[in-house]
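Residue-level structure breakdown
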Amino acid sequence: MTAPLLDIRDLRLGVAAGRTVTHPLLKGVSFQIMPGEAYGLVGESGSGKSVTSLAVMGLLKKPLAVSGGEILFKGQNLLSLPKREMRRLRGNRITMIFQEPMTALNPLSTVGRQIAEMFVLHQGKSWDEAHKLAVEALANVRVPNPERRAKNFPHQMSGGLRQRVMIAMALACNPDLLIADEPTTALDVTVQAEVLRLIKELCAARGTAVLFISHDLGVIASICQRVGVMYGGCLVEENETRALFDNPRHDYTRGLLGALPRLGSRSEHGRQRLVDIDSIIADRSKLTETRFIAPRVVEGGQL
Amino acid sequence: MTQPLLQVDDLHVRFPIAGGGLLGTGKRMLHAVNGISFSLAKGECLSIVGESGCGKSTTALSILGLQEPTEGAIRYRGQPLNGPGAPGRMQRAKAVQMVFQDPYASLNPRQSVRTSLAAPLRLHGITAASEIEGRIEAMLKNVGLTPEQAKRYPHEFSGGQRQRIGIARALILEPEIVVLDEPVSALDVSIRAQIINLLLDLQEKLGLSYIMISHDLSVVEHMSDRVLVMFFGEVVEEGGWRQIFEAPTHPYTRRLIAAIPDPDVALKPVGRQDERAEMPLLAGRRFVSDGRASPDVFTPPAPSELVEIGANHKVRLAMA
Ligand SMILES: Nc1ncnc2c1ncn2[C@@H]1O[C@H](COP(=O)(O)OP(=O)(O)OP(=O)(O)O)[C@@H](O)[C@H]1O
Ligand SMILES: Nc1ncnc2c1ncn2[C@@H]1O[C@H](COP(=O)(O)OP(=O)(O)OP(=O)(O)O)[C@@H](O)[C@H]1O
Ligand SMILES: [Mg+2]
Ligand SMILES: [Mg+2]
């Protein structure tokens, strides 16, 4: 059996006041991502998806702090890694793309230079060489006229193009793990489809594992082999994507699937009322008590 | 035939572009909306879909009187809504209202729910405290809030509750038409379902007509009676929801439908038509967008017309 690339064990974090964490936000989250695997995280807004990814990146900002657990990356606990070494991993072995590319791009520097910087910083290339590689990287994410586009500043590009630039930067050094937090939410459907196809194809070709965060189950299904469902700071269900959709077991997952209008369902069954999660969940506070971690392992609850 | 509630005829909206033409000859104009026509019947939900920047919001703003059309006529119950004979803001407010995408941005943080619901009533000459109170109470119930919540402020509500307040505010003057510009895209999936259910309930209960703009095509399929597909300022396809989703015909519509990230389709990649499949010519005629990979918003496209290809189903084809 191969070892997992990322192994998150009982991760706890929250709002810290002095030495103690007063307000827990993650209450013991565990999941694993295998090398080359695309793993999806879905869940309610505020359930802890983004803080999980920030913890992996070592980018949690005060007052947030980890209070327990381990984040093993290739067997090494990232939580006890010196800052300097974490910085070396970040942008090189583990990279991230965000919903709003403008937050990650430097508005004062051309996109070509920003991508080139990755090669200089992490691979010790000369600037000349790095610029050539940057143009190549833009071509890889299918930016038309990459040579000319490399000279653009971020604001001179459309949202879809900027998102490609971010992907180019994130994949520049062939990372082992790409974290994508709602990377296509701000894009319109046809552009979204292209960006998703890019992420999928490039990661498959390079064997890059993906942690893909989205509240759009359709997007998750088109990218990920396995999905974890988060609710209230807990992972409440996990399964292979297909199995999760066919046989959701946790109340929240069932609510989530029923709340989604399904394409073609109106043609087939007429217009059905959408499931209101609140109506199938009698007591929200009990919701995190039952967990279904598949396949066929049940923790703290009965089937 | 009964008169449509709203009739839009050959609407054009052009924006001047800074810089102007070469040698100062002729200002460059951006053709945001380029001759679109449609009608809306009482009780109907008409959706407008299309790429970002294709002119959906500009069309909606023209109907709301917030964007003066460059050309064209908009009529409400036969009466002009734009141009010289247009009604004032007050009269228009009783005809058309809008629900915004972002409930955070559209509510005044310093006004309680009661104050923000009472203001439009007062403006329209309803001053009796008991009537104002009664209408606010009834409206809050309509949108699934309690009358006690009227004294609270926007920050005390969740995103979904705020969108309910936004809906209450749009409906308080009892308009016949409500424009919904991305009404649920800022909301969490679970909340989204509640708001969609609410909008459909209110439409039935109050006999509302909706013009909905959305990038989420599964929501469009779920809610619409008819759909307009816009592409760079023009309508390229128009039809009942069944025609658009079961028999999309224009290449852009087909591209759009094929791009929907639908879990069922992603997991069982059968049944969906191949967007790239060769389309037979329709009655020997071509689509204009053939070969136009990225249409230019500054120059009007080649001459074309909407052609009826089935009951209630039109597609834009090049002039024969
Ligand atoms: N700096 C902070 N201080 C206090 N609480 C925080 C902070 N950052 C996040 N939180 C809280 O942590 C919880 C989890 O937030 P997180 O951003 O991970 O949610 P999410 O699952 O990514 O939601 P979304 O789908 O809306 O992006 C939320 O309740 C949020 O309010
Ligand atoms: N006031 C304005 N001045 C100049 N150009 C404008 C103005 N309003 C809109 N535009 C331009 O008109 C075009 C149509 O814009 P509109 O907002 O109608 O698009 P949309 O279809 O609603 O897009 P989205 O899906 O992104 O909301 C765009 O190119 C936009 O930049
Ligand atoms: Mg988040
Ligand atoms: Mg718009």
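This section reports on the structure supplied with the text. (Residues numbered from 1 in each chain as written. Chains lettered and ligands numbered in written order. Predicted model: local features only at pLDDT ≥ 70, side-chain atom pairs only at ≥ 80, totals over all residues. Heavy atoms only, no water.)

Taken together, the contact between chain A and chain B spans 38 residues of the former and 38 residues of the latter. Summed over both sides, the interface of chain A with chain B buries roughly 3,300 Å², with 58% coming from carbon and sulfur. For chain A, the biggest contributors to the area lost against chain B are Val189, Leu263 and Arg266 of chain A; these three give 23% of the whole. Linking chain A to chain B there are 1 salt bridge. A salt bridge links Arg273 of chain A to Asp201 of chain B; its shortest N-O distance comes to 3.0 Å. Where chain A meets chain B, there are 11 residue pairs in polar contact (both at pLDDT 80 or more). Secondary structure elements with two or more residues in the side of chain A that touches chain B: α8 (189-206), α9 (217-223), α10 (241-246), α12 (265-269) and α13 (277-280) of chain A. Its residues assigned to classes, the side of chain A that touches chain B comprises 14 nonpolar, 12 polar and 12 charged. (Contact = heavy atoms within 4.5 Å. Buried area = accessible area lost by both parts, 1.4 Å probe. Salt bridge = Lys/Arg side-chain N within 4 Å of Asp/Glu carboxyl O. Polar contact = N/O pair within 3.5 Å; in protein donor to acceptor, adjacent residues only side chain to side chain. Helix = DSSP H or I, 4+ residues; strand = E, 2+ residues; numbered from the N terminus. Nonpolar A, V, L, I, M, F, W, Y, C, P; charged D, E, K, R; others polar.)

Next up on the list: the packing of aromatic side chains. As enumerated under the stated definition, the model contains 4 aromatic pairs over all chains in all. Relative to Tyr252 of chain A, the ring of Tyr231 of chain A has its centre 4.9 Å away and its plane inclined at 45°; by these criteria the two rings are tilted. Of this pair, Tyr231 of chain A sits in strand β9 (residues 226-231) while Tyr252 of chain A sits in helix α11 (residues 251-258), placing them 21 residues apart in sequence. Assigned by exposure class, Tyr231 of chain A and Tyr252 of chain A land together as buried. Taken together, a centroid distance of 4.5 Å and an interplanar angle of 35° make the contact between Phe231 of chain B and Tyr252 of chain B tilted. With Phe231 of chain B in strand β9 (residues 226-231) and Tyr252 of chain B in helix α10 (residues 251-258), this residue pair connects regions lying 21 residues apart in the sequence. (Phe/Tyr/Trp six-rings, centres within 6.5 Å; stacked < 30°, edge-to-face > 60°. Buried < 20%, exposed > 50% of the residue type's maximum accessible area, 1.4 Å probe, protein only.)

Once that is clear, we can look at the nonpolar core. Ile115 and Phe212 of chain A together with Ile136, Ile167, Tyr210, Met223 and Phe245 of chain B are the most contacted members of the largest nonpolar core, which has 120 residues in total. Those residues within four positions of Phe245 of chain B in sequence are excluded, and the remaining contacts are Leu263 of chain A together with Leu217, Val220, Glu221, Val227 and Ile257 of chain B. Membership of the second largest hydrophobic core comes to 31 residues, among which are Leu6, Ile8, Met96 and Leu177 of chain A. (Core = buried A, V, L, I, M, F, W, Y, C linked by side-chain atoms within 4.5 Å.)

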